[in-house]
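Each chain is listed here by its residues.
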Amino acid sequence: MKEISQKLNGEISRLTNKTFKFDERLGEGWFSAVYFLKTKRIAQNHVKNNTVTMQFFQKGYAVLCGTDEAIALIHTFADNPENLEVHSLKDGDRISPYEAVLTITGPYQDFGYLEGIVDGILARRTSVATNVYNVVKAARSSGKQKPIIFMGDRDDHYTQQSGDGYAAFIGGSTAQATHAMNEWWGKAGMGTMPHALLQMFEGDVVAATKAYQEEFPEDELTTLVDYNNDCITDSLKVARAFGEDLKGVRLDTSRNLVDKYFLRNEHLMGTFDPRGVNPELVFALRRALDKEGFKHVKIVVSGGFTEDRIRHFEDRNVPVDMYGVGGSLLKINIGFTGDNVMLNGKHEAKEGRKHYPNPRLEKVEYVPE
């Protein structure tokens, strides 16, 4: 059983290194800034009896993510982790500017060299979770929640997929493009067809869809319809060919192209930007499908969607059933800071920083693996 199932069932309170599978070199200081390693040595040899409190915070309103991972890091690689006092909020908590989300108390030399790693974990996971949360919120602004497919596999290094997928799950996305994105939270990747499949069938959308259905009959049949830059024509072709079996069509038109529908109907242009997947194209597609009795066919859109662009679609009640979103969800726009703010139980911090007591913090017990 995956740890996420145990956590959701209340059997454990935090995910551990059994989920995260940390690189062992973390414990050797390979990923830590060298000045932290030097400070560890000085602390050990000169002030080893001091106890510090390290506090982590950021400066905006956000959806917190990465606390389980950061705590697992400390418990895995700190010296004497059973003697450290850790208090933390939880993944998924809403946080405010300067709110302490995690504190660690103990001898600096036991854990201090991991400060930058913790900052980085919290920054990336919280940024992705918050980005996804905002997109999910935008996708329900018309009154109905539209699912968000997390499609960030091509927008960053593949080694980030598991963590980004978990953060996206915390933010509210439960459909993700790769198996790796789903690894930490226990699902499987989902998706239908890329443009490469249509290319191998020379743009014949019906033939490509037939081959797909034969190979994956258990899937809900959804066809990509922008390969020939004629979304409405190709959507109707597959709808007529597959009838009730066709569950959806996906539009992924390049922002540099104008769909042939508008080139055939030039009188419609002049009051909007006709490039890419635009509201007028989706409205026209919905009308065309409905007119021929294909009201059951859902419309999925992808290609450069952001929170603002989704909100624009939703404000206009564009008949989209699902959004595919990628690169905009991976913007790292939230930075965390770890500060030593207490020394031997008394305030001691750099000028301008102080201890921010937070009654929401919960004590985290050390559980050896």
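1. Here we look at the packing of aromatic side chains
Taken as a whole, this structure holds 14 aromatic pairs when the rule is applied. Both rings, one in Phe20 and one in Trp184, keep their centres 4.8 Å apart while their planes meet at 80°; by these two values the pair is edge-to-face. Residue Phe20 is found in helix H2 (residues 17–20), and its partner Trp184 is found in the loop between strand S7 (175–176) and helix H8 (195–200); the two are separated by 164 residues along the sequence. For Phe20, a relative accessible area of 7% translates into the label buried. Geometrically, the ring pair formed by Phe57 and Tyr356 is edge-to-face, given 6.1 Å between the ring centres and 65° between the ring planes. With Phe57 in strand S1 (residues 52–57) and Tyr356 in the loop between strand S13 (346–347) and strand S14 (362–364), the pair connects residues that are 299 residues apart, well separated along the chain. Overall, Phe57 belongs to the buried group, its relative accessible area being 1%. Site record: aromatic cluster; members linked through ring pairs are Phe20, Phe22, Phe77, Tyr166 and Trp184. Positioned above the aromatic ring of Phe305, the side-chain terminus of Arg309 is 3.8 Å from the ring centre.

2. Remarks on the pairing of strand S12 (residues 337–343)
Pairing analysis gives 6 bridges linking S1 to S12, with the strands arranged antiparallel. Considered in S12, the bridge of Val52 is made with Leu343. Two strands pair when backbone bridges link them, and S12 and S13 are joined in this way by 2 bridges, in the antiparallel orientation. Its bridge partner being in S13, Leu343 is matched across the sheet by Lys346. Here S12 folds back onto S13, and the loop between the two strands holds 2 residues, one of which, Asn344, carries a positive phi near 55°.

3. Re the sheet that holds strand S3 (residues 85–88)
A sheet is described by the order of its strands in space; here 6 strands give the open sequence S13-S12-S1-S5-S3-S14, paired in antiparallel fashion. Lying at the two open borders of the sheet, with one neighbouring strand each, are S13 and S14. The strands touched by helix H4 (residues 67–77) within the sheet are S3, strand S5 (102–106) and S14, with S3 carrying the most contacts at an inclination of about 175°. Its contacts with the sheet place helix H6 (residues 115–138) against S1, S5 and S12, and it is angled at close to 25° to S1.

4. Looking at the environment of Tyr98
Its location among the elements puts Tyr98 in the loop between strand S4 (94–95) and S5. Note: C-alpha distance between Tyr98 and Gly60 (38 residues apart in sequence) is 7.5 Å. Among all residues touching Tyr98, those that are not within four sequence positions of it are Phe57, Gln58, Lys59 and Tyr356.

5. Considering H4
Judged by how many residues are buried, H4 sits mostly within the fold: 10 of 11 residues are covered. Burial in H4 covers these residues: Thr67, Asp68, Glu69, Ala70, Ile71, Ala72, Leu73, Ile74, His75 and Phe77.

6. A short note on the side chain of Gln161
Mapping Gln161 onto the fold places it in helix H7 (residues 161–171). Gln161 sits in the buried class, given a relative accessible area of 13%. Those residues in contact with Gln161, other than ones at most four positions away along the chain, are Asp153, Thr178, Ala180 and Met181.

7. Regarding the packing of H6 against helix H13 (residues 307–315)
H13 packs onto H6 with a crossing angle of 10° between their chain directions and a minimal axis gap of 8 Å. Put simply, H6 runs roughly parallel to H13. Contacts from Asn134, Val135 and Ala138 in H6 reach Glu307, Ile310, Arg311 and Glu314 in H13. Classifying every residue of the contact of H6 with H13 gives 3 nonpolar, 1 polar and 3 charged.

8. Concerning the sheet that holds strand S10 (residues 298–302)
Strands sit in the order S7-S6-S11-S10-S9-S8 across an open sheet of 6 strands; the sheet is parallel. Every interior strand has two partners, whereas the edge strands, S7 and strand S8 (221–224), have only one. Bridging between S8 and strand S9 (residues 246–251) involves 4 bridges; their strand directions are parallel. Considered in S9, the bridge of Leu221 is made with Leu246.

9. A word on the pairing of S8
As a general feature of sheets, a regular strand has side chains that alternate between the two faces. Of the two faces of S8, the one lined by Leu221 and Thr223 and the one lined by Thr222 and Leu224 are each fully buried. Tracing the backbone out of S8, into helix H10 (residues 231–242) and back to the parallel element S9 gives a crossover that is right-handed.

10. A closer look at the environment of Gln109
Note that Gln109 resides in helix H5 (residues 108–111). On the basis of relative accessibility, which here comes to 5%, the residue Gln109 falls in the buried class. The spacing of Gln109 and Gln44 is 65 residues in sequence and 5.8 Å in space, taken between C-alpha atoms. Setting aside chain neighbours within four positions, we find Gln109 in contact with Lys40, Ala43, Gln44, Lys48 and Asp79. There is a polar contact of 2.9 Å between the side chain of Gln109 and the backbone oxygen of Lys48.

11. Some details on H13
Along H13, the residues that are buried comprise Arg309, Ile310, Phe313 and Glu314. The buried residues of H13 occupy an angular sector of 135° when projected down its axis, which confines them to one face. When the buried face of H13 is taken as reference, the exposed residues oriented beyond 90 degrees from it are Asp308 and Asp315. On its buried face, H13 sits against H6, strand S6 (148–150), helix H12 (279–291) and strand S11 (322–325).

Cut-offs used in this document
- Residue indices follow the written sequence of each chain, beginning from 1 at its first position.
- For this predicted model, a pLDDT threshold of at least 70 governs which residues receive local features, and a threshold of 80 or more governs which side-chain atom pairs are given and counted, while totals over whole chains, interfaces and linings are taken from all residues.
- Values reported for side chains reflect all heavy atoms of the structure, with hydrogen atoms and water molecules removed beforehand.
- Ring geometry is summarised as follows: Phe, Tyr and Trp rings, the Trp one being its six-membered ring, pair when their centres sit within 6.5 Å, and such pairs are stacked at plane angles under 30 degrees, edge-to-face over 60 and tilted between the two.
- Put simply, DSSP marks the helices as runs of H or I at least four residues long and the strands as runs of E at least two long, and each gets a number from the N terminus on.
- In this scheme, a residue with accessible area under 20% of its type's maximum is buried, one over 50% is exposed, and one in between is partly exposed, where area comes from a 1.4 Å probe on protein chains only.
- In this analysis the charged atom, NZ for Lys or CZ for Arg, is taken to sit over a ring once it is within 6 Å of the ring centre and within 35 degrees of the ring normal.
- Note on pairing: DSSP must find at least two bridges between two strands before they are called paired.
- A contact between two residues is defined here by any heavy atoms of the two lying within 4.5 Å.
- Each axis is a line fitted through C-alpha atoms, taken for helices only over the stretch in contact, and angles between the N-to-C directions span 0 to 180 degrees.
- The scheme is simple: roughly parallel for angles under 35 degrees, roughly antiparallel for over 145, roughly perpendicular for 65 to 115, oblique for anything else.
- As a working rule, the residues Ala, Val, Leu, Ile, Met, Phe, Trp, Tyr, Cys and Pro are called nonpolar, Asp, Glu, Lys and Arg charged, and the rest polar, with Gly in that last group.
- A crossover gets the label right-handed when its path from the first strand over the helix to the second runs clockwise, viewed with the strands pointing away from the viewer.
- Polar contacts, as used here, are pairs of N or O atoms within 3.5 Å; protein pairs need one atom able to donate a hydrogen and one able to accept it. Residues neighboring in sequence count only if both atoms are side-chain atoms.
- By arc we mean the arc of the directions from the helix axis to the C-beta atoms, nothing more.

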